[in-house]
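For reference, the chains in residue letters:
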Amino acid sequence: MTDEEKNLLLNDLGPRLQYGVIVKGSCNSVCVLAGLQEHVATVVDCYNFADKIGYPKPYLRRVKDMTDEEKMTMGAICLKYTASDDIEGMVAELLKFYCSHHLDYNHLIEKDLAIQVTEENNPYKKYTKETWK
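Residues numbered from 1 in each chain as written. Predicted model: local features only at pLDDT ≥ 70, side-chain atom pairs only at ≥ 80, totals over all residues. Heavy atoms only, no water.

## Quick word on the overall build of the protein
Secondary structure summary: the protein contains 4 helices and 6 strands in total. Secondary structure elements of the protein occur, N-terminal to C-terminal, as α-β-β-β-β-β-α-α-β-α. The buried share among the 133 residues of the protein stands at 36%. Excluding contacts between residues fewer than 6 apart, the proportion of contacts in the protein whose partners are at least 24 apart in sequence is 60%. (Helix = DSSP H or I, 4+ residues; strand = E, 2+ residues; numbered from the N terminus. Buried < 20%, exposed > 50% of the residue type's maximum accessible area, 1.4 Å probe, protein only. Contact = heavy atoms within 4.5 Å.)

## A word on the pairing of strand β5 (residues 57-60)
Where a strand is regular, its side chains alternate between the two sheet faces. Where strand β1 (residues 22-24) lies against β5, 2 bridges are found, and the strand directions are antiparallel. Its bridge partner being in β5, lysine 24 is matched across the sheet by lysine 57. In this sheet, strand β6 (residues 115-116) lies alongside β5 in parallel orientation, the contact comprising 2 bridges. Within β6, the residue paired with leucine 60 across the bridge is glutamine 116. (Pairing = 2+ DSSP bridges.)

## Notes on unusual backbone geometry
One non-glycine residue, aspartate 85, lies in the positive phi region at around 60 degrees. Note on placement: aspartate 85 falls in the loop between α2 (68-84) and α3 (87-100).

## Brief notes about the pattern of salt bridges
Oppositely charged side chains are able to pair whenever their charged atoms sit close together. Tallied over the entire structure, the rule returns 5 salt bridges. Where glutamate 70 meets arginine 61, a salt bridge forms, and the shortest distance between an N and an O atom there is 2.7 Å. When its relative accessible area of 16% is taken as the criterion, arginine 61 is described as buried. The closest approach of N and O atoms between lysine 80 and glutamate 93, which form a salt bridge, is 3.2 Å. Of this pair, lysine 80 sits in helix α2 while glutamate 93 sits in helix α3, placing them 13 residues apart in sequence. (Salt bridge = Lys/Arg side-chain N within 4 Å of Asp/Glu carboxyl O.)

## Points about the confidence of the model for the protein
Predicted coordinates in regions of low pLDDT should not be interpreted in detail. Looking at the protein as a whole, the pLDDT averages 83, with 79% of positions reaching at least 70. Across the protein, the secondary-structure element scoring lowest on mean pLDDT is strand β4 (residues 50-53), at 51, and the one scoring highest is β6, at 96. Every residue in residues 45-50 scores below 50 in pLDDT, and together they form 12 contacts with partners more than four places removed in sequence or on other chains. (pLDDT = per-residue confidence, 0-100.)

## Side note on the packing of aromatic side chains
Evaluation of the coordinates by the stated rule reveals 2 aromatic pairs. Members of the aromatic cluster, joined through ring pairs, are Phe97, Tyr98 and Tyr105. (Phe/Tyr/Trp six-rings, centres within 6.5 Å; stacked < 30°, edge-to-face > 60°.)

Dropping the structure here:
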């Protein structure tokens, strides 16, 4: 992994922390990302075991795979802020929307820095935040 890829990945993961992004951890375990510190990701797996891993692969969805409801929500966000000419507000709310819906807005899947969520491979359906409590 190049330094550019490491920086892209870590910069992408930061805003996702509060939304319970699931990553592939050490020993191929499925984990919730708990924190980032000096190029090390801290994860908590489904057994509440804290572990430190270098560069985890998050499970993300392609933007093109948004549901119709998500597309309508995104359109409403854009319309709301376009009408008020508040571009900064729109960007901030869209970023929150993308992160909370685990959407790959940085194309990490294409760069093999993330794992694509599919109907068959969706840890968000299998695990919930309660699983790690």
